[in-house]
4 protein chains.
Amino acid sequence: MQTTAENLVSFFLETRNDSERICKPLEIEDYVVQPVDFVSPPKWHLAHVTWFFEEFILKKYKKDYQVFHKDFSYLFNSYYNNVGKMWFRPMRGNLSRPTVHQIYDYRHYVTDQIEELFSKGVPKEAEDTLTIGIHHEKQHQELLLTDIKYIFGHNPLFPKYDDAFVENPIQDFDRKWIEVDEGLYEIGHQDSDEFCYDNELERHKVWLNNYKISNKLVTNGEYIEFIDSHGYRDFNLWHSDGWAWLNREKITNPLYWHFKDGEWFQYTLGGLKKINPNEPLSHISYYEAFAFAQWKGLRLPTEFEWEAAQHQFKWGSRWEWTESAYLPYPGFQKAAGAIGEYNGKFMVDQRVLRGASVATPAKHSRPTYRNFFQPYHRWQFTGFRLAK
Amino acid sequence: MQTTAENLVSFFLETRNDSERICKPLEIEDYVVQPVDFVSPPKWHLAHVTWFFEEFILKKYKKDYQVFHKDFSYLFNSYYNNVGKMWFRPMRGNLSRPTVHQIYDYRHYVTDQIEELFSKGVPKEAEDTLTIGIHHEKQHQELLLTDIKYIFGHNPLFPKYDDAFVENPIQDFDRKWIEVDEGLYEIGHQDSDEFCYDNELERHKVWLNNYKISNKLVTNGEYIEFIDSHGYRDFNLWHSDGWAWLNREKITNPLYWHFKDGEWFQYTLGGLKKINPNEPLSHISYYEAFAFAQWKGLRLPTEFEWEAAQHQFKWGSRWEWTESAYLPYPGFQKAAGAIGEYNGKFMVDQRVLRGASVATPAKHSRPTYRNFFQPYHRWQFTGFRLAK
Amino acid sequence: MQTTAENLVSFFLETRNDSERICKPLEIEDYVVQPVDFVSPPKWHLAHVTWFFEEFILKKYKKDYQVFHKDFSYLFNSYYNNVGKMWFRPMRGNLSRPTVHQIYDYRHYVTDQIEELFSKGVPKEAEDTLTIGIHHEKQHQELLLTDIKYIFGHNPLFPKYDDAFVENPIQDFDRKWIEVDEGLYEIGHQDSDEFCYDNELERHKVWLNNYKISNKLVTNGEYIEFIDSHGYRDFNLWHSDGWAWLNREKITNPLYWHFKDGEWFQYTLGGLKKINPNEPLSHISYYEAFAFAQWKGLRLPTEFEWEAAQHQFKWGSRWEWTESAYLPYPGFQKAAGAIGEYNGKFMVDQRVLRGASVATPAKHSRPTYRNFFQPYHRWQFTGFRLAK
Amino acid sequence: MQTTAENLVSFFLETRNDSERICKPLEIEDYVVQPVDFVSPPKWHLAHVTWFFEEFILKKYKKDYQVFHKDFSYLFNSYYNNVGKMWFRPMRGNLSRPTVHQIYDYRHYVTDQIEELFSKGVPKEAEDTLTIGIHHEKQHQELLLTDIKYIFGHNPLFPKYDDAFVENPIQDFDRKWIEVDEGLYEIGHQDSDEFCYDNELERHKVWLNNYKISNKLVTNGEYIEFIDSHGYRDFNLWHSDGWAWLNREKITNPLYWHFKDGEWFQYTLGGLKKINPNEPLSHISYYEAFAFAQWKGLRLPTEFEWEAAQHQFKWGSRWEWTESAYLPYPGFQKAAGAIGEYNGKFMVDQRVLRGASVATPAKHSRPTYRNFFQPYHRWQFTGFRLAK
């Protein structure tokens, strides 16, 4: 996002504010817990995104900058080996201190310091890092929501987060197959003024055969048919790893689904609700998406097919699994230094997801955005569309 | 403790109050976390002891009693299979809800209900169960303190709990060997009016050979000599299991000890402090106590030797490891129903500790009290004295 | 066993021969496998007992002794840290080499060397070590049989070892309660000329209350009643650890039992056979023995009760679980050097078994013998008798 | 491979014979062990490839066929869920029976039955299945060699398999960069008469940018430079998963390498040998190949780049890691029934390797062959070439 320093600062302040708004419905206790390794306590997210600005901007560009607390770099570094040792990730939920109030103080201190720094003029590269830092915080806003959902959704009291949150917008139109002709397509971000991550580059040519892609996401109702047809018990539909996963974890339905008294319910940010078959399916793994497609005699699109056709369908409520592994584009160059640890080092056994979700903040999605997770993850708002 | 119903109720109220007083220095966040399986969140302790009164007294003896919350029995049962299913122990720290405020409300509700019930006259067996419930809460007061120490002592910020807490009272007298003659000794609680647990009965005869037992606990200074003599590296001093434990867990010193800049420090409830060699050693496993004794060419006393000699020495600041396995006394009868799950079912691979500790509440220690833990546990205020 | 050097050598040769006789029915393949950590490949047993003689006698007392192979000390040491590093126990079954033929060559080499050494006169302490070595080999003869049974009994083809092996001798007499009067009893081995292990010493006084002990082992038929009464599903009968073990391992019957077409079968060294209800029960854990006794309203005897009464009943076909933890006797001194690693270092979380089993070699049982295992082990020929 | 029935049978007999020839240097014991989950005992390989012919051909096409042994389908099925339950893979090494002799009898029985069946005329689809079965056995011939190497190479005695086996053929020519022009390339097997697996189809277009690919494999000498430059300690060179793998497994060099007295040695099928820096590197994971390329400022080729350039360089001694994930080609159709479990169900988290190795049998390599393994595997003869 090309922006004058002033615009950049107001984008920064707006983003800082958004994170705190997301946490408004929380009790102090909700900020602390970590029910599973891959979920972080909300207070950790709030502090970690703050640490990013302190570590990569204030320490570097602000003269005589005093860190807020000498131990916070150790506590709130996530995975940047270049910056030093860090507290072990699965133990984030063991820490009652610093308190939530101290973390809000930390946030405000750093926000003010950044504002002051940028009011005085900074090098272009500081602006670039601030831009990355803002987008980094936006990514964590999405994780804040999905982690809060995990924390509440795994509490037997099923607390509500916000009744008004629209989690499952119905796609109220008929299913159709969009036809795309074979040919060479340009894939990846245009080298323009808009922000993008290194993994969206270089823009390059990909040959695609003729294909068809659905204009609509798979719905709960369609997935219930798959369950009722014993799709979870037919090994021929599953990858070998998926079948092992399903048996080890005793998976028989999407995450947050509960079968009670003959009916399906799902935990949503608005509480436990009866499932609406017309709503788009959510919280499924790649394994489940693949098995469903096998059962239909269809397949998932590749990320290239998705990108080449995305202007012809509506997207944005689900991160959509693709058939593509997360790999570097031709000519990929990872960024220098710690920022280079952002993307490239995960390009080995993850799947690409395209689109965006109901939890994605404004100004944080674009047609070339590549999200990625291991194929077994389900706590994001994941869904899929079919291709053939 | 022989007490009229009135005395019993004031004993109850005093005990309820004590638990809350222990938690005074805590922030909300401190009530929530569970850094390791065997440590419970403080809010869980506060709720669990309350549940005990609700489950075993109010539900049974109070007419038309309305439970405070329908899910709390599931959430706050610890290990009483007779009462129904329970939330999985290592996941207690995953629950942000109910909040701390709700749990205090629960406490006050149940306290009031018990007070009201007992003001009107109850059967003798309700009084007996209340007595057990009070002692049960006292046991959890000790655990509250040791669990809070664990939570703070494993936080890299090392927060203080209470500067005034006297954790390491020096035994300011010379070491002497108390000689005890061989003969038949009576061991176990006298069937008197004083409360005791089922595992302290039946009182029975034990033959003891001549032995000597130290009048003084082993000190930090003596233990540092053991460390400096490479006691942690000489497998001949250790049990086979102890040696495996030490290597697997990379143990080289007592829990909460830190070696910095050539000096030993220990985390205490008053913060991180330089170690005083004259203070009694604490936070060691049975394995370490045994290895130290081997290194000295001495041994630990059995629980019978300890009990037969205990009136001749000062005890009460450390739970003292003994050479005895936790086994039933001749004629042991476990209590009927759920209360019978209290002691007997653990009599298989644990060690007996005798005495009491700085964390033990008033009126909760006596010469025949048998505490018990697996030999590797160190988070209690454990120490030992030598015998030969 | 008091014996002249000549008698000792013939005792040695007879014992060496016995081990090889036990392996006669094996195919080469059977010598190699290790289906579970605590079972060793038969070829390992044959080599390990040989290594004991080489390490503790030939290297020490035979001038210019040439070891058979420089790597065998590393490969065939079991747990003697004093002797040096050793191959990791759970990986014994990974080694195809040395071959079975090489191990027999090793055996014969060492047997000959010992015979030659002792023909020329040796110090008394060499004779003592040889005596220990012979008893050590006898212990491994029992393990050879139980490990072979494990290997065959966990092969879906259920191969036979030896049709003629009498595994389940019926106790063809009525059950009676033997009454024993309270009083002081002497327990432990008499300091006589007969061999015993260090853990059977010192002989010491123990006070016993009045008790009754059964003259007969528990039978398969009685145990089937326990199963049919859902004894495996009633947590009140079990230790907490036992209940966790049973659920984790999905235990519903003794080891080697199979329920097919409405009938119970058991794998024996003579193959898979229908269970005879009159035969003594075998292959149960301490947990199961305890639960059965609870169900009967009875208990297991302590090791002291067993020893004080053992001359009044028939024993020798089952190792019998007792209620006693494996602990040192008063005045216990572990042997010096590596031999001292034999017993003492296991005195922490195991149970004592008394008696002997159908797999125990001749001259290797006595009333004071203390066998010991963790409470969950079942692959020995374990049984029990009741007391009250 | 288009072949008359007669040619096919002689191809079959030759292949059957090859497997037995590979096992000639083994002792009986060597056939039995399984030192790690992913290695199978040689006798299992010999039986499993035999079972394939019995299960998919004899049972289906031979009238009144009597299976050799009723339990062998359960014992020797690998991962074909469609065929029924199977013995758990990590427990293959627990089975001493059936003996090696019985397995050779099984082989000869099935070989004879197939020969007889095909002498009389069979449907075309039986011929097709036989062709697959032959190629399946050839794949297992490669695994036989790599598993034997693993068994011997992890035995502290380092037994030799065969002194004459040429494991490390030096590429005696200069390194050069082969330049390839950008454009559309056809990838995948031509639908001709030659045999190929389903994963090599459909042949399809791929756009490639300009690239350069090395004419030569990376050598031991080059890799030693990487080690000496502390490549194993610089996290910036590694994938996040690779770094975790390296630290968890304590990896500091390729598999089979040993550093003794200041020099590098490697275990080969001819025994332990000093490393020759000019020989091609072997037994490295994808993670290591990637880190080496990062260190060089270069990269691995994709499988498409490899295939498009392969006629310009020499290949065949190492399976070569590529930058490509193992994914279906456009239009991929998995084969029907059990045979369809061969390839498709693994297309989720593995990497493609191209080429062939010194262990690959004759007639079992071609330019379009896609081998695949998880990125951490090293026991195959894996190497790599660089691209840019």
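Quick caveat: nothing in here was measured; it's all calculated off a predicted structure. (Residues numbered from 1 in each chain as written. Chains lettered and ligands numbered in written order. Predicted model: local features only at pLDDT ≥ 70, side-chain atom pairs only at ≥ 80, totals over all residues. Heavy atoms only, no water.)

### Remarks on the relation of the copies chain A and chain B
Inference 1: Once turned by 180° and shifted 0.0 Å along the axis, chain A lies on chain B with an RMSD of 0.0 Å. What the rotation and shift describe, once combined, is the action of a two-fold rotation axis. Within chain A, A:Glu29 has its C-alpha nearest the rotation axis, a separation of 3.0 Å.
Inference 2: A high fraction, 100%, of the interface residues of chain A reappear at the interface in chain B, so the copies pair face to face through one surface. (Least-squares fit on C-alpha atoms with pLDDT ≥ 70 in both. Contact = heavy atoms within 4.5 Å.)

### A few points about helix α7 (residues 240-249) of chain D
Residues and elements named next belong to chain D.
Inference 1: Residues of α7 that are buried include every one of Gly-242, Trp-243, Trp-245 and Leu-246, and no others. Down the axis, α7 shows its buried residues gathered within 160° of arc, on one side only.
Inference 2: Lining the buried residues of α7 we find α8 (286-296).
Inference 3: Following α7 by one or two positions, Lys-250 has its phi on the positive side, about 55°. (Buried < 20%, exposed > 50% of the residue type's maximum accessible area, 1.4 Å probe, protein only. Helix = DSSP H or I, 4+ residues; strand = E, 2+ residues; numbered from the N terminus. Arc of directions from axis to C-beta.)

### Points about the interface of chain A and chain D
Inference 1: Opposite the 33 residues of chain A that make contact, chain D presents 33 residues.
Inference 2: Between chain A and chain D lies a buried interface of about 2,600 Å² when both sides are counted; carbon and sulfur atoms form 54% of it.
Inference 3: Summed over the three residues of chain A that lose the most area to chain D, namely A:Trp207, A:Phe235 and A:Val348, the buried surface amounts to 21% of that side.
Inference 4: Our count for the chain A to chain D interface comes out at zero salt bridges.
Inference 5: Linking chain A with chain D are ten residue pairs in polar contact (both at pLDDT 80 or more).
Inference 6: Elements that contribute at least two residues to the side of chain A that touches chain D include exactly β3 (204-208), α7 (240-248), α8 (286-296) and β8 (319-325) of chain A.
Inference 7: Here the side of chain A that touches chain D is composed, by residue class, of 15 nonpolar, ten polar and eight charged. (Buried area = accessible area lost by both parts, 1.4 Å probe. Salt bridge = Lys/Arg side-chain N within 4 Å of Asp/Glu carboxyl O. Polar contact = N/O pair within 3.5 Å; in protein donor to acceptor, adjacent residues only side chain to side chain. Nonpolar A, V, L, I, M, F, W, Y, C, P; charged D, E, K, R; others polar.)

### Brief notes about the domain arrangement of chain A
Residue and element names in this part refer to chain A.
Inference 1: Assigned domains within chain A: domain 1 (4-153) and domain 2 (177-383).
Inference 2: Computed from C-alpha coordinates alone, the two centres of domain 1 and domain 2 are separated by 27 Å.
Inference 3: Of the residues lining the interface, 27 residues belong to domain 1; the matching set on domain 2 comes to 27 residues.
Inference 4: Counting the surface lost from both domain 1 and domain 2, the interface buries some 2,600 Å², and carbon and sulfur atoms represent 64% of this. (Domains from an automatic or database assignment.)

### A few points about the interface of chain A and chain B
Inference 1: Counting residues at the interface gives 30 residues for chain A and 30 residues for chain B.
Inference 2: Summing both sides of the interface, chain A and chain B together bury roughly 2,400 Å²; the carbon and sulfur share of this comes to 62%.
Inference 3: There are two salt bridges connecting chain A and chain B.
Inference 4: Where B:Arg97 meets A:Asp30, a salt bridge forms, and the shortest distance between an N and an O atom there is 2.6 Å.
Inference 5: Where chain A packs against chain B, one counts ten residue pairs in polar contact (both at pLDDT 80 or more).
Inference 6: Only α3 (72-76), α4 (100-119) and α5 (124-153) of chain A provide two or more residues apiece to the side of chain A that touches chain B.
Inference 7: When grouped by side-chain class, the residues that make up the side of chain A that touches chain B number 16 nonpolar, nine polar and five charged.

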